Amino acid sequence: MDQPELIVADAPSEQPILRLRGLSTSFNTHDGVVTAVQDVDLDVMRGECLGIVGESGSGKSVTFASVMGLIKAPGKIVGGSILLDGLELTSLGPKAMRKLRGKQIAMTMQDALTALNPSMTVETQLCEAIMAHDEDISSLPRRQQSRRARECAIEMMTLVGIPSPAKRLKEYPHQFSGGMRQRIMIAIALACKPRLLIADEPTTALDVTIQAQVLELIAELRATLGMSVVLITHDLGVVAEQCDRIVVMYAGQVMETGTADEVIGNPRHPYTRGLLGSMPRLEDPETPIRPIPGMVPSLINFPTQCRFYSRCERRQEACLAEIPVRVHSPGHSVRCLFPETER
Ligand SMILES: Nc1ncnc2c1ncn2[C@@H]1O[C@H](COP(=O)(O)OP(=O)(O)O)[C@@H](O)[C@H]1O
Ligand SMILES: [Mg+2]
């Protein structure tokens, strides 16, 4: 399959479809304030596939739940800007956000089994999404609405490769395998042909063959529908294959951003290098896997310092201060005072 043309992030005329600047989201808990997302800057360019990687707890899901307007108390967006095609989302009310969700941006959730309603058939859930967001259908006379929505649901099921769609529409989520459930989530997300699809760990719960099929499906849809895609995963191997550019997150912050080739071929942040070192390499099975020692720190009342400090081999006293993001080369930036050198 032909890949769509790569869109260069730095082209000055290009306006990103999504632009985050200084986005911070925190949760007020009994034990203190968890700054789950802090000062995140990122751009999603039109037609590109942007990969978001980082260990579990890095703030990947919270960042994009913030974009979708899905952060609920005790969580709150505490700062920054979210521009969708130039429109500021942080100042939109819930009603306006509901209108944008589905039509403009859609997100598939990490866990398809809990995100889908277990007591409703797939048909009900898909048709509900279609009727809520597709104005062509919701403006039809009532009797025609459900028939048209059902036709559209069958089209979506076919598009995501679910065999015997008319029959399977009558079934409940638990009657589908994990891979098929992810496809249903994607079908619901795509029901209104969003311009930006956010896929949160679409393959994490799946075995390797099904994983490849779901990724291929997303790549195909991106090419045929011209969507922009944000692919969230903890697996660098997946982003290396699928994405034009990569954003590496750790403990709520963006640590490194660049083209997939740069970030994987020439990682500058010690965390990115650590992630790469902890991946098994098929082409070089002799190289030992080196997991990053330690764990993602608790983010409760986290002090102002490098968030990777406690696990970093290159740390110095200067890292116990606020660390700015520095541009390393055009399109490649790193939040580190002592970045790695060329390999
Ligand atoms: N409802 C919540 N209450 C308190 N903390 C939360 C809540 N949701 C997420 N967090 C915290 O936000 C951080 C980032 O979570 P998340 O975005 O889900 O990580 P990722 O998707 O990268 O695995 C974690 O430390 C998590 O504990
Ligand atoms: Mg997550």
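Residues numbered from 1 in each chain as written. Chains lettered and ligands numbered in written order. Predicted model: local features only at pLDDT ≥ 70, side-chain atom pairs only at ≥ 80, totals over all residues.

Caption draft 1: Representation of the sheet that holds strand E9 (residues 245-250) in the model. Strand order in this open sheet of eight strands is E6-E7-E8-E3-E9-E10-E12-E11, and the pairing throughout is mixed. Of all the strands in the sheet, the pair left with one neighbour each is strand E6 (105-108) and strand E11 (326-329). Between one strand axis and the next, the sheet turns through 20 degrees on average, direction left out of account. When E11 meets strand E12 (residues 332-334), the two strands line up antiparallel, connected through three bridges. Note that in E12 the partner of Arg 326 across the bridge is Val 334. (Pairing = 2+ DSSP bridges. Helix = DSSP H or I, 4+ residues; strand = E, 2+ residues; numbered from the N terminus. Axes fitted to C-alpha atoms, helices over the stretch in contact; angles between N-to-C directions.)

Caption draft 2: Spatial organisation of the packing of helix H4 (residues 122-133) against helix H6 (residues 142-159). Look at H4 against H6: their axes get within 9 Å of each other, and the N-to-C directions meet at 110 degrees. When the axis of H4 is compared with that of H6, the two are roughly perpendicular. For the pair formed by H4 and H6, the contact residues are Glu 123, Leu 126, Cys 127, Ile 130 and Met 131 on the first element and Gln 145, Ser 146, Ala 149, Arg 150, Cys 152, Ala 153 and Met 156 on the second. Among the residues making up the contact of H4 with H6, the classes are represented as eight nonpolar, two polar and two charged. (Parallel < 35°, antiparallel > 145°, perpendicular 65-115°, else oblique. Contact = placed C-beta atoms within 7 Å. Nonpolar A, V, L, I, M, F, W, Y, C, P; charged D, E, K, R; others polar.)

Caption draft 3: Layout of the site of ligand 1. Residues in close proximity to ligand 1 total 14 residues, the closest being Phe 27, Ala 36, Lys 60, Ser 61 and Val 62. Elements with a minimum of two residues in the shell around ligand 1: strand E1 (18-29), strand E2 (32-44) and helix H1 (60-67). Top contributing element to the shell around ligand 1 by residue count: H1, with three residues. Its residues assigned to classes, the shell around ligand 1 shows five nonpolar, eight polar and one charged. (Near = placed C-beta within 6 Å.)

Caption draft 4: Just the sheet that holds E1, in detail. One open sheet accounts for four strands, arranged E2-E1-E4-E5; its pairing is antiparallel. Whereas interior strands pair on both sides, the edge strands pair on one side only; in this sheet they are E2 and strand E5 (87-88).

Caption draft 5: Spotlight on the pairing of strand E3 (residues 49-53). Of all five residues that make up E3, five are buried, and the element is covered over most of its length. Burial along E3 is two-sided: the face carrying Cys 49, Gly 51 and Val 53 and the face carrying Leu 50 and Ile 52 are both buried. Two elements, E3 and strand E8 (residues 228-233), share five bridges in a ladder whose sense is parallel. For Gly 51, the partnering residue across the bridge sits in E8 and is Leu 231. Here four bridges tie E3 to E9, and the two strands are oriented parallel to one another. When the sheet's bridge partners are listed, Gly 51 is paired in E9 with Ile 246. (Buried ≥ 20, exposed ≤ 12 C-beta atoms within 10 Å, placed from the backbone.)

Caption draft 6: Structural context of the environment of Glu 286. Counting through the fold element by element, Glu 286 comes out in the loop between helix H12 (270-277) and E11. Linking Glu 286 and Lys 193, residues 93 residues apart in sequence, is a C-alpha distance of 45 Å.

Caption draft 7: Local environment of H12. Turning to H12, its buried residues are Pro 270, Tyr 271, Thr 272, Gly 274 and Leu 275. Residues of H12 that are buried make contact with E3, helix H10 (236-242), E9, strand E10 (253-259) and helix H11 (260-265).

Caption draft 8: Seen up close, the environment of Arg 326. You can see Arg 326 is positioned in strand E11. With 13 C-beta atoms packed within 10 Å, Arg 326 lands in the partly exposed category. C-alpha separation for the pair Arg 326 and Leu 83, spaced 243 residues apart in sequence, amounts to 22 Å.

Caption draft 9: Inspection of the confidence of the model for the protein chain at higher detail. Per-residue pLDDT for the protein chain has a mean of 89; in total, 95% of the residues score no lower than 70. Taken element by element, the protein chain is modelled with least confidence in helix H3 (residues 112-115), mean pLDDT 76, and with most confidence in E10, mean pLDDT 98. Across residues 1-13, where pLDDT falls below 50, the model places 19 contacts with residues more than four positions away in sequence or in other chains. (pLDDT = per-residue confidence, 0-100.)

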